[in-house]
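Letter by letter, the chains look like this.
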4 protein chains.
Amino acid sequence: MSSNSFGKVFKLTTFGESHGKAIGGIIEGCPPNLTLDLDFINNEIARRKPSNAFWATPRNEEDVVIWLSGLSNTTTNGAPIAFMIENQNIKKQDYINLSSAYRPSHGDFTWESKYNTPPTTGGGRLSARETLARVVAGAIAKQWLLKNGINITAWTHSIGSISILDSNPIDTNNIGSNALFCPDQQTVPLMEELLRGLVEKGDSTGGIVRCTIEGLPVGLGEPLFDKTEALLGHAMLSIPAVKGFEIGSGFEGTKMAGSYHNDPFIIKDQKITTLTNHSGGVLGGITNGSNIDFKVAFKPVSTIKLPQNTVDRNGIETTLEASGRHDACVVPRAVVIVEAMAALVIADLMLRQKLIQQ
Amino acid sequence: MSSNSFGKVFKLTTFGESHGKAIGGIIEGCPPNLTLDLDFINNEIARRKPSNAFWATPRNEEDVVIWLSGLSNTTTNGAPIAFMIENQNIKKQDYINLSSAYRPSHGDFTWESKYNTPPTTGGGRLSARETLARVVAGAIAKQWLLKNGINITAWTHSIGSISILDSNPIDTNNIGSNALFCPDQQTVPLMEELLRGLVEKGDSTGGIVRCTIEGLPVGLGEPLFDKTEALLGHAMLSIPAVKGFEIGSGFEGTKMAGSYHNDPFIIKDQKITTLTNHSGGVLGGITNGSNIDFKVAFKPVSTIKLPQNTVDRNGIETTLEASGRHDACVVPRAVVIVEAMAALVIADLMLRQKLIQQ
Amino acid sequence: MSSNSFGKVFKLTTFGESHGKAIGGIIEGCPPNLTLDLDFINNEIARRKPSNAFWATPRNEEDVVIWLSGLSNTTTNGAPIAFMIENQNIKKQDYINLSSAYRPSHGDFTWESKYNTPPTTGGGRLSARETLARVVAGAIAKQWLLKNGINITAWTHSIGSISILDSNPIDTNNIGSNALFCPDQQTVPLMEELLRGLVEKGDSTGGIVRCTIEGLPVGLGEPLFDKTEALLGHAMLSIPAVKGFEIGSGFEGTKMAGSYHNDPFIIKDQKITTLTNHSGGVLGGITNGSNIDFKVAFKPVSTIKLPQNTVDRNGIETTLEASGRHDACVVPRAVVIVEAMAALVIADLMLRQKLIQQ
Amino acid sequence: MSSNSFGKVFKLTTFGESHGKAIGGIIEGCPPNLTLDLDFINNEIARRKPSNAFWATPRNEEDVVIWLSGLSNTTTNGAPIAFMIENQNIKKQDYINLSSAYRPSHGDFTWESKYNTPPTTGGGRLSARETLARVVAGAIAKQWLLKNGINITAWTHSIGSISILDSNPIDTNNIGSNALFCPDQQTVPLMEELLRGLVEKGDSTGGIVRCTIEGLPVGLGEPLFDKTEALLGHAMLSIPAVKGFEIGSGFEGTKMAGSYHNDPFIIKDQKITTLTNHSGGVLGGITNGSNIDFKVAFKPVSTIKLPQNTVDRNGIETTLEASGRHDACVVPRAVVIVEAMAALVIADLMLRQKLIQQ
């Protein structure tokens, strides 16, 4: 019972493999009469594929969204919104020889075992190219959220062991100033230096994306099991290469005393809010009106140039030497994907909350 | 659109509030003809409520499971399994005065705002008492998994800043030897010392539960969106007080080089496996046959004895002085809850995988 | 993958077997702050079990609803509403001998085959006693609908071949005037006469329930697949003994000419409505503001006193001679069940429609 | 909360409007390693659009399926199967003037009211053209069912008041011998005569499709709420123009005596079966191994040539005179749609039943 859908009301169902004809999806539950800014959507797609980045190797193809259903001109009309992006960078579906090796820490081995299917090139359904559909849907969700005063912003928090210091204030206006999508001007050169060394060696590393959500009403989140943080965690851990998620004080907060960690309620601008935000914007799984603040851990890129021990599809131990180029770190390109998945979660929760308003 | 259900095939739907008549649930999709060991279930309930623990204050009531449906004697018969545990430790549903204060970092404020409902005592639906239903359902899932060779084991990994060293080997046989459910004999006294100090001060702290799952087949997990780690993250982040989840190398792994982090495939006992397990048992969201290994971060207990600044239900700033006793740390009692939720996830994925087997 | 839930937003999940401890359910998605009239609910339960009906043999037990969760006093509070009715009329779970016979046209054979489970007494999960949970949930949905101006009324349209003539006007005020729940005073004696003959012979028959829904807004129903009539059909065909469903002109309408069948739009009271209502209140699966009007066909009661040929659980052909009493017709008792299921459908659609309102 | 999905395991999600770019869908849960016969699928599409039928006016376009995902060559590979059929017969999305009239008994009025959207040409999402996606998905389900020995056959049972007599034996081999898909050679000329008269007058009529399912195992169907007949009813009533559904003895059976209606169990070929089949293949909502037998009522085609009274989009009463051609009856073209929806239901239930097999 596969799962190609995300969301209960604002719901995305996706399709597509890396070397198939197209990647795409169907969006159900998007409110009607929303006029879309298609340039914004194209720009989000572009953010997923930074140009002029020495550490990245995006596929050399233009990703053009073809709208199949759900829009009258550019306005949502109540029908499901369907879209696709054709895969141009492929030859005929290649077949992989059984003597070819399983790529370590990739999903080929597990997918082929799960479905008892022969191997296909390019990662098939598990290729990171599937995230294109998430970005398109997220870009639609974002536009509706923005109309409701909600803004989602993610950035590169760390690459390898190079991290923005917690003491540094974040100016989110700077995020777009560099291809790393890192707002801290002092940290960017250090990250670039690290990446340059990895590229030279043919190696890779991981990193952390941080994300804030501003403008939230009190009341989003559906306990017991669809708490806001549970849905955000689910969403983030469904992104390729993600190994961890934390909200508010997260793992570090486990060391604190309750008397320090608790966020005192205060009155500000005649509304109830909290003095601190160790909770990261959620109490009992429900938004409390403060900003949501979370982090997502991405593992090092699995494709590297260095030779690796592995096993081939006949079960023979062998050595894999990758050719071609690869990304030294996936984090900068993941920034827009994290935002997209967060937008899907919040749009869904906003609509679900409408159901109990009188 | 509230969410009181978890799972798609092996599915738990729960009900109950802390000061209502009962806590309980309905389990759908449990395979028929499974003879349950009811003593095991009772023992799991007992693990959630450690006795002789100076740092904990379980409710003084016996939690007796009343089976309402789905069992012929003690064998599942295909009908949904319904059960309840009566709340004995309550007076008549108390009404909280509007002049009473919101408890910092609790969910009263957000729940009451979400539903526009008057306050009730004891945390209502958000009380940790709801986890009883999870433990009962998890204890059933565990028995079915064990018949299939799958074993789930969690323990206290850290309390506050006192943590089992990564260099220490874990002997899971020791977990039950102490009320902290910590397998490392050297760490236990340090944890107890920390907790003693917190109890004296009327303060609290957080900690980390670690969990492994052994005996898994290759192939569990349903990409794109129901990857194994995504469902585990969802499950764990739905537990009260959880602020973080990581699998395998997690946040620390983001700093590693890909050449180190990748898990080489090898042949062992004529099967494909991996030399290392930085992936934590999942590749592309699908189990690879290695053990799953994850950690869950719990925030410091919000109820403390120390006076705190807050706001009352009329929006007036005030000070809250809690009376009575409280847990200094929730982690030891959460060990069995983490196992229960993991069992629900894996049982569900085991059944979902049956759908594509030929 | 069993199905004990109905509805997507206003959602009922039920449990219970005829000879188990209790029948009950969990209702999610009921709007908060709805004050329930518990007497109304008890009265609906009573309608399912008409007294003084010579043709019926309700179980001799009082059906008392025990509320487990979701109400503060009698007002919904946002938590799931859980309830149960204990089965008092049972001895210890009886075991049926393998030499006992399968009852013709009952579900024992198929249930036992499906789940590979040993037989239990009383129909188990498939007993019509499960409809109690539907009636309780429906009685809650009805109260919320009534607050929104929507009224659901069902009645006995036919018993065997005795039917209210289409030319007779229906005065719904008369429905409660007799134990058959038939509003047509001329037809009641004929039905009673038919039933008297069947009781004497130990035989049974079927019949038709008709139902109207008044006060509907334009716009309910969720094409493509959750059209109003599709959900109503699903709901009705899930009731024990139902073999058919038709809305508006139904099967008879298939014979008409389009020029006669089409309902002309007109303006009335400054609103768009239709002159005729062959559509039965739905166009394209969406309510058009006219009354919904549908019929439900119930097969003859399967339990009869006459000897029947059948097969026992060892696969030996045998003869079954039922003892005890039975209902000669299920239709009058089904009237409230039809209403309850209709209420669940419409409450769910009302809430779903809130999601697209601006 | 719209509904463009059908099925829980074998699941179809569709998109597309009559005058949009394409109609299509995503199929999840289709078993992997199923090699599809694409010619069969194309032939099913052709059955939906009979040529040389004087009473029908299919759109003058070739319906070519473009496969977007989920197939390696023609074999299912575990990824979701996505497909589309481009709409060639359209100009640029036309806008309907507000002074244009609502078509009686069509869904324009209700859809536009529901979504508060401006009108579009061609019926938009509610156009019967959406059934193309059902036929494609059904044609895939059928192939998998056939591999499992299950065969689904529908035919035209009646057109207007011309019906195959119940006493006539059905030879399903004759179904394809005429454009009406009616197996009874004596009835076909009468139906043609009726249709000829309607075409001359510019009028239309309705009719009934009958369907049988052979080769079913005992045990399909998921009580309480997803009984086989409930899912079939849901499926059929979601098809445009359907007003009724009955299974087995249906409405006529309500008049029978239980002693006649009950199907005696017998032993045949060493298996338990029934002597008669008034139940239509289901007991307690679960298949009993006998053939499923059901009927679906289609209302008269709403588009007619005769002038009709109606109201325009400004709320002014007016007269509508349709131009162009139309189908005099939808029933023959609906035969393959009924089969397709039945196939989706049974494929889903077959997979769901796998979950409880040991």
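Here the structure is a predicted model, which means the values were calculated and not measured.

Brief notes about the overall build of chain A
Phase 1: Each helix and strand counted, chain A has eight helices and 18 strands in total.
Phase 2: Its C-alpha radius of gyration of 21 Å places chain A within 12% of the 21 Å reference for a compact globule of 358 residues.
Phase 3: Counting only C-alpha atoms, chain A reaches 70 × 50 × 35 Å along its principal axes.
Phase 4: Relative to its full complement of 358 residues, chain A shows a buried share of 65%.
Phase 5: Element-wise, carbon and sulfur atoms account for 49% of the exposed surface of chain A, whose accessible area totals about 12,000 Å².

Section: the pattern of salt bridges
Phase 1: Taken as a whole, this structure holds 72 salt bridges over all chains when the rule is applied.
Phase 2: Where E86(B) meets K21(B), a salt bridge forms, and the shortest distance between an N and an O atom there is 3.7 Å. Linking E86(B) in strand β7 (residues 81–86) with K21(B) in the loop between β2 (11–15) and β3 (22–28), this pair joins segments that are 65 residues apart in sequence.
Phase 3: Taking the relative accessible area as the measure of exposure, K21(B) reaches 38% and is therefore partly exposed.
Phase 4: If you follow the salt bridges from partner to partner, you end up with K8(A), D226(A), D348(A) and R352(A) in one network.

Let's talk about the relation of the copies chain C and chain D
Phase 1: The two copies are related by a screw motion: chain C maps onto chain D through a turn of 180° and a shift of 0.0 Å along the axis, at an RMSD of 0.0 Å. Considering both components of the superposition, the chain copies are consistent with a two-fold axis. Looking at the rotation axis and the C-alpha trace of chain C, the residue lying nearest is H234(C), at 2.4 Å.

Points about the side chain of R134(D)
Phase 1: Looking at the secondary structure, you find R134(D) in helix α3 (residues 131–147).
Phase 2: At a separation of 2.8 Å, a polar atom in the side chain of R134(D) contacts the side chain of S238(D).
Phase 3: Leave out the neighbours within four places in its chain, and R134(D) touches L224(C), F225(C), L12(D), A235(D), S238(D), I239(D), P240(D), I337(D), A340(D) and M341(D).

Quick look at the nonpolar core
Phase 1: By size, the foremost hydrophobic cluster in this structure holds 344 residues, and its most contacted members are F294(A), F294(B), F294(C) and F294(D).
Phase 2: Once residues lying within four places of it in the same chain are set aside, the contact partners of F294(B) are V209(B), R210(B), C211(B), I213(B), L232(B), M236(B), F245(B), E246(B), I247(B), V338(B) and A342(B).

Comments concerning the packing of aromatic side chains
Phase 1: Throughout the structure, instances matching the rule amount to 30 aromatic pairs over all chains.
Phase 2: Ring centres of Y102(A) and F109(A) lie 5.3 Å apart, and the angle between their planes is 75°; on these two criteria the pair is classed as edge-to-face. Considered together, Y102(A) and F109(A) belong to a single accessibility category, that of buried residues.
Phase 3: The interplanar angle of 50° and the centroid separation of 4.5 Å between the aromatic rings of W111(A) and Y115(A) together place this pair among those described as tilted. With W111(A) and Y115(A) both in helix α2 (residues 108–115) and four residues apart, this pair spans about one turn of that helix. Side by side, W111(A) and Y115(A) carry an identical accessibility label, which is buried.
Phase 4: Here the aromatic cluster, defined as three or more aromatic residues joined through ring pairs, consists of Y102(A), F109(A) and F265(B).
Phase 5: Sitting over the face of the ring of Y115(A), K114(A) holds its NZ or CZ atom 5.7 Å from the ring centroid.
Phase 6: Lying over the aromatic face of F54(D), R196(D) brings its terminal NZ or CZ to 4.6 Å of the ring centre.

Quick word on the sheet that holds strand β1 (residues 5–6) of chain B
Residue and element names in this part refer to chain B.
Phase 1: Within the open sheet, the five strands sit side by side as β1-β2-β3-β7-β4. Their pairing is antiparallel. For this open sheet the edge positions go to β1 and β4 (65–69), each flanked by a neighbour on one side alone.
Phase 2: As paired strands, β1 and β2 are joined by two bridges and run antiparallel to one another. Bridging across to β2, F6 finds its partner in L12.
Phase 3: On top of the sheet, helix α3 (residues 131–147) reaches β2, β3, β4 and β7; it is set at about 140° to β7, its chief contact.

Comments concerning the packing of α3(D) against helix α8 (residues 331–354) of chain D
Residue and element names in this part refer to chain D.
Phase 1: Here α3 crosses α8 at 50°, and the two axes come no closer than 7 Å. Classified by the angle between their axes, α3 and α8 sit oblique to one another. Handedness of the α3/α8 crossing: left-handed. Here T131, R134, V135, A137, G138, A141, K142, W144 and L145 of α3 come into contact with α8, specifically with V336, I337, E339, A340, M341, A343, L344, I346, A347, M350 and L351.
Phase 2: Its residues placed into classes, the contact of α3 with α8 shows 15 nonpolar, two polar and three charged.

With respect to the interface of chain B and chain C
Phase 1: Contact residues are listed per partner, giving 44 residues for chain B and 44 residues for chain C.
Phase 2: Both sides together, the interface formed by chain B and chain C hides about 3,200 Å², and carbon and sulfur atoms give 57% of it.
Phase 3: At the junction of chain B and chain C, the tally comes to zero salt bridges.
Phase 4: Secondary structure elements with two or more residues in the side of chain B that touches chain C: β2, β3, β4, β5 (71–72), β7 and α2 (108–115) of chain B.

Quick word on the packing of helix α1 (residues 38–47) of chain B against α3(B)
Residues and elements named next belong to chain B.
Phase 1: Here α1 crosses α3 at 135°, and the two axes come no closer than 9 Å. Viewed along their axes, α1 and α3 adopt a mutual orientation that is oblique. Of the two elements, α1 crosses α3, and the hand of that crossing is right-handed. Facing F40, I41, E44, I45 and R47 of α1, the residues of α3 in contact are L132, V135, V136, A139, I140, K142 and Q143.
Phase 2: Of the residues that constitute the contact of α1 with α3, the class distribution is eight nonpolar, one polar and three charged.

A short note on the environment of C182(C)
Residue and element names in this part refer to chain C.
Phase 1: Among the secondary structure elements, C182 is positioned in the loop between β9 (162–163) and α4 (187–201).
Phase 2: On the accessibility criterion, C182 (0% relative accessible area) is buried.
Phase 3: Along the primary structure C182 and F10 are separated by 172 residues, whereas in three dimensions their C-alpha atoms are 30 Å apart.

Side note on the relation of the copies chain B and chain C
Phase 1: Between chain B and chain C, the superposition needs a rotation of 180° and an axial shift of 0.0 Å, giving an RMSD of 0.0 Å.
Phase 2: Interface overlap between copies: 98% of the residues of chain B at the interface are likewise at the interface in chain C, consistent with a symmetric, same-surface contact.

Focus on the side chain of R352(A)
Phase 1: Summarising the element assignment, R352(A) is placed in helix α8 (residues 331–354).
Phase 2: Not counting residues within four places of it along the chain, the set of residues in contact with R352(A) comprises K8(A), V9(A), E222(A), D226(A), L231(A), M1(B), S2(B), S3(B) and L355(C).

Notes on α1(B)
All names here are of chain B.
Phase 1: Looking only at α1, the buried set comprises I41, E44, I45 and R47. The buried residues of α1 occupy one face: seen down the axis, they fall within an arc of 160°.
Phase 2: The elements touched by buried residues of α1 are β4, α3 and α8 (331–354).
Phase 3: One side-chain oxygen of the residue at the start of α1 lies 3.0 Å from the amide nitrogen of D39, identifying that residue as D37.

Side note on the interface of chain C and chain D
By a widely used convention, the size of an interface equals the accessible area lost when the partners come together.
Phase 1: Counting residues at the interface gives 108 residues for chain C and 108 residues for chain D.
Phase 2: The contact between chain C and chain D buries some 8,300 Å² in all, and 63% of this surface belongs to carbon and sulfur atoms.
Phase 3: Inspection of the chain C/chain D interface yields two salt bridges.
Phase 4: Two residues, E222(C) and K114(D), come together in a salt bridge whose shortest N-O distance is 3.0 Å.
Phase 5: Per-class residue counts for the side of chain C that touches chain D are 46 nonpolar, 43 polar and 19 charged.
Phase 6: Inspection of the sheet shows strand β11 (residues 242–247) of chain C paired to strand β11 (residues 242–247) of chain D by three bridges, in the antiparallel sense. The residue of β11(D) that forms the bridge with G244(C) is E246(D).

A word on the sheet that holds strand β16 (residues 292–298) of chain B
Phase 1: With antiparallel pairing, the ten strands of this open sheet are ordered in space as β9(A)-β8(A)-β10(A)-β16(A)-β11(A)-β11(B)-β16(B)-β10(B)-β8(B)-β9(B). Two strands close off the open sheet at either side, each with one partner strand: β9 (162–163) of chain A together with β9 (162–163) of chain B.
Phase 2: This element, helix α4 (residues 187–201) of chain B, spans β8 (151–159) and β9 of chain B of the sheet and lies at about 55° to β8(B).

Concerning the pairing of strand β18 (residues 317–320) of chain A
Residues and elements named next belong to chain A.
Phase 1: Where strand β17 (residues 308–311) meets β18, four bridges bridge the pair, whose relative direction is antiparallel. Along β18, the bridge assignment pairs Q308 with L320.
Phase 2: Linking β17 back to β18 in an antiparallel pair, the connection comprises five residues, with G315 at a positive phi of about 80°.

Thoughts on the confidence of the model for chain A
Phase 1: Mean pLDDT over chain A stands at 94; residues scoring 70 or higher make up 96%.
Phase 2: Of the two predicted TM-score estimates for the complex, the pTM is 0.98 and the ipTM is 0.97.

Brief notes about the state of the cysteines
Covalent bonding between the sulfur atoms of two cysteines is what defines a disulfide.
Phase 1: As enumerated under the stated definition, the model contains zero disulfides over all chains in all.
Phase 2: Free cysteine C329(A): the closest other cysteine sulfur is in C182(A), separated by 11 Å.

Conventions and cut-offs
- Residues numbered from 1 in each chain as written.
- Chains lettered and ligands numbered in written order.
- Predicted model: local features only at pLDDT ≥ 70, side-chain atom pairs only at ≥ 80, totals over all residues.
- Heavy atoms only, no water.
- Helix = DSSP H or I, 4+ residues; strand = E, 2+ residues; numbered from the N terminus.
- Rg over C-alpha atoms; globule rule 2.2 N^0.38 Å.
- Buried < 20%, exposed > 50% of the residue type's maximum accessible area, 1.4 Å probe, protein only.
- Areas by Shrake-Rupley, 256 points an atom, 1.4 Å probe, with all protein chains shown as cover.
- Salt bridge = Lys/Arg side-chain N within 4 Å of Asp/Glu carboxyl O.
- Least-squares fit on C-alpha atoms with pLDDT ≥ 70 in both.
- Polar contact = N/O pair within 3.5 Å; in protein donor to acceptor, adjacent residues only side chain to side chain.
- Contact = heavy atoms within 4.5 Å.
- Core = buried A, V, L, I, M, F, W, Y, C linked by side-chain atoms within 4.5 Å.
- Phe/Tyr/Trp six-rings, centres within 6.5 Å; stacked < 30°, edge-to-face > 60°.
- Lys NZ or Arg CZ within 6 Å of the ring centre and 35° of its normal.
- Pairing = 2+ DSSP bridges.
- Axes fitted to C-alpha atoms, helices over the stretch in contact; angles between N-to-C directions.
- Parallel < 35°, antiparallel > 145°, perpendicular 65-115°, else oblique.
- Left-handed = near helix turned anticlockwise from the far one by under 90°.
- Nonpolar A, V, L, I, M, F, W, Y, C, P; charged D, E, K, R; others polar.
- Buried area = accessible area lost by both parts, 1.4 Å probe.
- Arc of directions from axis to C-beta.
- pLDDT = per-residue confidence, 0-100.
- Disulfide = S-S within 2.5 Å.

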